[in-house]
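# Observations on the model geometry
If you want the building blocks of each chain, they are given just below.
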Amino acid sequence: MSQPLEPGRFFLPGPTEVRPDVLAAQAGPMIGHRGKAIQELMASIDEGLKPVFQTMRPVIISTSSATGLMEAAVRNGVLDGMVLSLVNGAFSDRFAEIARMCGCDVDVWDVEWGTAHSPDELAERLANAHYDAVTLSQSETSTGALQDLEAIAGVMNQFQETLLLVDSVTGIGGVETLTDEWGIDFILTGSQKALALPPGLAFGVANDAMLDRAAKAPGRGWYFDLDRLHSQLLEHQTPATPAISLLFALDFQLKRIGAETMDARWKRHLEMQHRTLDWAREMKERGVAVDIFAQEGHRSPTVTCLSTERSREVVFEVFSRGWVIGGGYGRLKDSTIRIGHMGDHTIDELEGLLSVLTEVMA
Ligand SMILES: *Cc1c(COP(=O)(O)O)cnc(C)c1O
């Protein structure tokens, strides 16, 4: 095993760095998963999660990685109709694949990786065909592209029969996302991205339309039955044993996030993004062969993907200096690197990383 990194140096776009005090919070003694102690814990967690999602609704907690709730989205949100999957990278492609593997008929709307989908064109497509649901990834972690979720949700609200299912795994907690105000039917995230927790929990918010659909969906199964998860949650309970240690860390982290405030957290992510993009432009001006992968105007505050033919070498050289960034994902594996400027990272930590990257790339 290699030496552990110094704090503040782990910039993978998931899992992200977890602060030592958050890690330590997991070490509390066990409590039963039926009883007063867990109900108090769940109530405290619910209070902390609501502002994160900008919702007044209960936030569903699943002991699974985020992909579990992507599958739940499809199993609960689709009856027997078609699904329209907006695909612009590896994770939105996974969402389409999940829908297919759950037996849905899926129309894939592919656009070039690194770009985003046009809300106007979505309105046209919805006017010309009937869909039970639309799937998308708000922040495409494989390319650093950001969908205009507010505009897309605005379009979707004109088509009441079609539910919007949002993978916001690198959105929620880092990207301003107003679940209730924008009228999103179902939105989900995982613990190990912008919330800077260990992996193993997923969170989601379902509106009434989604819960009505869930109560009728024949293929929703048991473990990921949103109707069941939601009604248990109203009593601050979970249907099965939750990952109790992770809940301790979650409660602790939500108090830290509450103290920071969501406004400050979103702003800090934008600052880290802008600093990273400015740095990449500077490198390019100095003649370094590097490009920002995602289309201008559609770039995520949480992750930046950069094209470079030296991807493997850069990741290795950065690592040998005691820092971690991500290589490319999926078909971009050898042609890009990714910087996860999200979670609890600070501008100072990012400056440290960028100076190492300058040394390696310039
Ligand atoms: C990480 C990620 C996922 C998958 O999450 P898991 O927790 O690994 O299941 C899905 N979508 C996006 C956009 C991601 O970044």
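The model shown is predicted, which means the values in this text are computed figures rather than measured ones.

## Some details on the overall build of the protein chain
- Each helix and strand counted, the protein chain has 13 helices and 14 strands in total.
- What you see for the protein chain is a C-alpha radius of gyration of 20 Å, in line with the 21 Å of a compact globule of 362 residues.
- Across the 362 residues of the protein chain, 57% fall into the buried class.
- Counting only contacts in the protein chain whose residues sit at least 6 apart along the sequence, the fraction spanning at least 24 positions is 73%.
- Accessible surface, the protein chain as shown: approximately 14700 Å² in total, 51% of it carbon and sulfur.

## Considering the domain arrangement of the protein chain
- Each assigned domain of the protein chain is listed with its residue range as follows: domain 1 (21-259) and domain 2 (262-361).
- Across the domain 1/domain 2 interface, buried area totals approximately 2200 Å², and carbon plus sulfur atoms make up 61% of it.
- Here domain 1 is connected to domain 2 by 12 residue pairs in polar contact (both at pLDDT 80 or more).
- When contributions to the side of domain 1 that touches domain 2 are tallied by element, the ones reaching two or more residues are α2 (36-53), α4 (90-101), β7 (145-146) and α10 (244-260).
- Class assignment of the residues belonging to the side of domain 1 that touches domain 2 gives a composition of 14 nonpolar, 13 polar and 4 charged.

## A look at the side chain of serine 191
- On the secondary structure map, serine 191 appears in the loop between β9 (186-190) and β10 (202-206).
- On the basis of relative accessibility, which here comes to 1%, the residue serine 191 falls in the buried class.
- What serine 191 contacts, discounting residues up to four positions off in sequence, is Ala196, Leu197, Pro198, Pro199, Gly200, Leu201 and Phe203.

## Considerations on the site of the ligand
- Near the ligand you find 13 residues, and of these Ser65, Thr67, Thr141, Asp167 and Lys193 are the closest.
- For the ligand, an oxygen atom lies 2.7 Å from a polar atom in the side chain of lysine 193.
- Protein burial of the ligand: of its 380 Å² of free accessible surface, 90% is covered by the chains.
- Those elements that provide at least two residues to the shell around the ligand are α3 (66-77) and α4.
- Residues belonging to the shell around the ligand are distributed by class as follows: 4 nonpolar, 6 polar and 3 charged.

## Here's the deal with a negative patch on the surface
- Where like charges cluster on the molecular surface, the negative patch consists of Asp148, Glu150, Glu176, Asp180, Glu181 and Asp263.
- Assignment of secondary structure puts glutamate 181 in helix α7 (residues 179-182).
- According to the relative accessible area criterion, glutamate 181 is exposed, its value standing at 66%.

## Points about α4
- Helix length check: α4 (12 residues) gives 16 Å between terminal C-alpha atoms against 16 Å at 1.5 Å per residue, within 8%.
- Residues Ala90, Phe91, Ser92, Phe95, Ala96, Ile98 and Ala99 constitute the buried set of α4.
- Just beyond α4, the residue with positive phi is glycine 103, at close to 90°.

## Overview of the side chain of histidine 117
- Summarising the element assignment, histidine 117 is placed in the loop between β4 (105-110) and α5 (119-128).
- A polar atom in the side chain of histidine 117 sits 2.9 Å from the backbone oxygen of tryptophan 109.
- Aside from chain neighbours lying at most four places away, what touches histidine 117 is Leu86, Val87, Asn88, Trp109, Asp110, Val111, Gln147 and Ile152.

## A few points about the sheet that holds strand β14 (residues 336-340)
- The mixed open sheet is built from 5 strands, whose spatial order is β1-β13-β14-β12-β11. The outermost strands of the open sheet, each flanked by one partner alone, are β1 (10-11) and β11 (291-292).
- Here β11 runs beside strand β12 (residues 303-307); their pairing, made up of 2 bridges, is antiparallel. Paired with aspartate 291 across the strands is serine 307, a residue of β12.
- Against the sheet, helix α13 (residues 347-361) touches β1, β13 (324-327) and β14, its axis set at about 160° to β14.

## Looking at the packing of aromatic side chains
- Scanning the model with the defined rule gives 3 aromatic pairs in all.
- Seen from their ring centres, phenylalanine 11 and tryptophan 323 are 6.4 Å apart, and the 25° between their planes marks the pair as stacked. Here phenylalanine 11 is found in strand β1, whereas its partner tryptophan 323 is found in the loop between α12 (311-320) and β13, with 312 residues between them in sequence. With respect to class, phenylalanine 11 is no different from tryptophan 323; both count as buried.
- Note on tyrosine 223 and phenylalanine 224: the rings are 5.2 Å apart at their centroids and 75° apart in plane angle, and the pair reads as edge-to-face.
- Its relative accessible area of 17% is what places phenylalanine 224 among the buried residues.
- Positioned above the aromatic ring of phenylalanine 91, the side-chain terminus of lysine 193 is 5.4 Å from the ring centre.
- The cationic tip of arginine 331 hangs over the ring face of tryptophan 113; the distance from NZ or CZ to the ring centre is 3.8 Å.

Conventions used here
- Residues numbered from 1 in each chain as written.
- Predicted model: local features only at pLDDT ≥ 70, side-chain atom pairs only at ≥ 80, totals over all residues.
- Heavy atoms only, no water.
- Helix = DSSP H or I, 4+ residues; strand = E, 2+ residues; numbered from the N terminus.
- Rg over C-alpha atoms; globule rule 2.2 N^0.38 Å.
- Buried < 20%, exposed > 50% of the residue type's maximum accessible area, 1.4 Å probe, protein only.
- Contact = heavy atoms within 4.5 Å.
- Areas by Shrake-Rupley, 256 points an atom, 1.4 Å probe, with all protein chains shown as cover.
- Domains from an automatic or database assignment.
- Buried area = accessible area lost by both parts, 1.4 Å probe.
- Polar contact = N/O pair within 3.5 Å; in protein donor to acceptor, adjacent residues only side chain to side chain.
- Nonpolar A, V, L, I, M, F, W, Y, C, P; charged D, E, K, R; others polar.
- Near = heavy atom within 4 Å.
- Patch = residues over 30% accessible without salt bridge, like charges linked within 9 Å, V, L, I, M, F, W, Y side chains within 5 Å.
- Salt bridge = Lys/Arg side-chain N within 4 Å of Asp/Glu carboxyl O.
- Lys, Arg positive; Asp, Glu negative; His and termini not counted.
- Charge placed at Lys NZ, Arg CZ, Asp CG, Glu CD.
- Expected span 1.5 Å × (residues − 1).
- Pairing = 2+ DSSP bridges.
- Axes fitted to C-alpha atoms, helices over the stretch in contact; angles between N-to-C directions.
- Phe/Tyr/Trp six-rings, centres within 6.5 Å; stacked < 30°, edge-to-face > 60°.
- Lys NZ or Arg CZ within 6 Å of the ring centre and 35° of its normal.

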